[in-house]
Amino acid sequence: FYIFESGDTGYVAGETHGLIAAVQDQSSGIRWYNGSYTTTGATATTIGTGSANTDAIIAAQGATETSYAAGLARAYTGGGFTDWFLPSKDELNQMYPNKATINTTASANGGSNFSANYYWSSTESVYDSAWIQVFNDGYQGCYDKGLTYGVRAVRAF
């Protein structure tokens, strides 16, 4: 859904790299955190930073990784890959205008469409909130980490 451009983390001149989305949601409703409000340091917003954010969240949140959004995204093994992550705020924002293409590709490969609901990003706002994206209108905002929203993992190639 996105090809890296000069200035993006992960860009290599003369090579094609980018981000792909999982063919289905990993959850339609899971919390961002593991039940304990804490600052994770996962504050990067730009394209190419979702994986590092996901690593920071998991390091701070600890065990039972599949009980919260970033851990669930990292645990996903779609296509035989184990490097999936929760997208950063800007990565998630790039998914929104490309959702029709993602939906078509997902459906053709046994997956499912995005819901019109909210999806978590890996970008933390403050100790008790993180960024979300609404997939019916493109709105982004910060919401309480204890609320349950969707997860659609991505990976870099």
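Here goes a summary of the coordinates provided. (Residues numbered from 1 in each chain as written. Predicted model: local features only at pLDDT ≥ 70, side-chain atom pairs only at ≥ 80, totals over all residues. Heavy atoms only, no water.)

Description of the pattern of salt bridges
For the structure shown, the criterion picks out five salt bridges. A salt bridge links Lys 89 to Asp 90, with the shortest nitrogen-to-oxygen separation between them at 3.9 Å. (Salt bridge = Lys/Arg side-chain N within 4 Å of Asp/Glu carboxyl O.)

Re the packing of aromatic side chains
One pass over the structure, following the stated rule, counts twelve aromatic pairs. Consider the rings of Phe 114 and Tyr 119, whose centres lie 5.4 Å apart with planes at 85°: the pair is edge-to-face. Measuring from ring centre to ring centre gives 4.4 Å for Phe 114 and Phe 135, while their planes differ by 15°; the resulting arrangement is stacked. With a gap of 21 residues between them, Phe 114 in the loop between helix H4 (99-108) and strand S4 (118-126) and Phe 135 in the loop between strand S5 (129-134) and strand S6 (140-144) connect regions that are remote in the sequence. (Phe/Tyr/Trp six-rings, centres within 6.5 Å; stacked < 30°, edge-to-face > 60°. Helix = DSSP H or I, 4+ residues; strand = E, 2+ residues; numbered from the N terminus.)

Quick word on a nonpolar patch on the surface
Taken together, Tyr 37, Val 126 and Tyr 127 make up a surface patch of nonpolar side chains, about 290 Å² in accessible area. One can find Tyr 37 in the loop between strand S3 (27-30) and helix H1 (50-61). For Tyr 37, a relative accessible area of 37% corresponds to the partly exposed category. (Patch = residues over 30% accessible without salt bridge, like charges linked within 9 Å, V, L, I, M, F, W, Y side chains within 5 Å. Areas by Shrake-Rupley, 256 points an atom, 1.4 Å probe, with all protein chains shown as cover. Buried < 20%, exposed > 50% of the residue type's maximum accessible area, 1.4 Å probe, protein only.)

Section: H1
Structurally, the α-helix is built with 3.6 residues per turn, so residues lying three or four positions apart point the same way. Over its twelve residues, H1 runs 16 Å from end to end, which matches the ideal 16 Å to within 8%, given 1.5 Å per residue. Along H1, the residues classified as buried are Gly 50, Asn 53, Thr 54, Ile 57, Ile 58 and Gln 61. Angular distribution of buried residues about the axis of H1 spans 130°; they occupy a single face of the element. Pointing more than 90 degrees away from the buried face of H1 are the exposed residues Ala 52 and Ala 59. (Expected span 1.5 Å × (residues − 1). Arc of directions from axis to C-beta.)

Considerations on the nonpolar core
Judged by nonpolar contacts, the single largest core of 22 residues is most densely connected at Trp 32, Ile 57, Ala 69, Leu 86, Trp 120, Val 151 and Ala 153. Among the secondary structure elements, those contributing two or more residues to this core are H1, helix H2 (69-75), S5 and strand S7 (149-151). Take this core: its biggest share by element is four residues, from H2. With residues up to four places along the chain from it excluded, the contact list for Val 151 reads Asp 25, Gln 26, Ser 27, Ile 30, Ala 69, Ala 73, Leu 86 and Tyr 119. In terms of nonpolar packing, the next biggest core, distinct from the first, is built from 13 residues, Tyr 2, Leu 92, Phe 114 and Phe 135 among them. (Core = buried A, V, L, I, M, F, W, Y, C linked by side-chain atoms within 4.5 Å. Contact = heavy atoms within 4.5 Å.)

Concerning the side chain of Thr 40
Position of Thr 40 relative to the elements: it lies in the loop between S3 and H1. If sequence neighbours within four positions are ignored, Thr 40 has contacts with Trp 32, Ala 56, Ile 57, Ala 60, Gln 61 and Glu 124.

Description of the sheet that holds strand S2 (residues 18-21)
Across the sheet, which stays open at both edges, the three strands sit in the order S1-S2-S8 with antiparallel pairing between neighbours. Where the open sheet ends on each side, the last strands, each with one partner, are strand S1 (2-3) and strand S8 (154-156). Summarising the sheet, S1 and S2 pair through two bridges and their orientation is antiparallel. Within the sheet, the bridge partner assigned to Tyr 2 lies in S2 and is Leu 19. (Pairing = 2+ DSSP bridges.)

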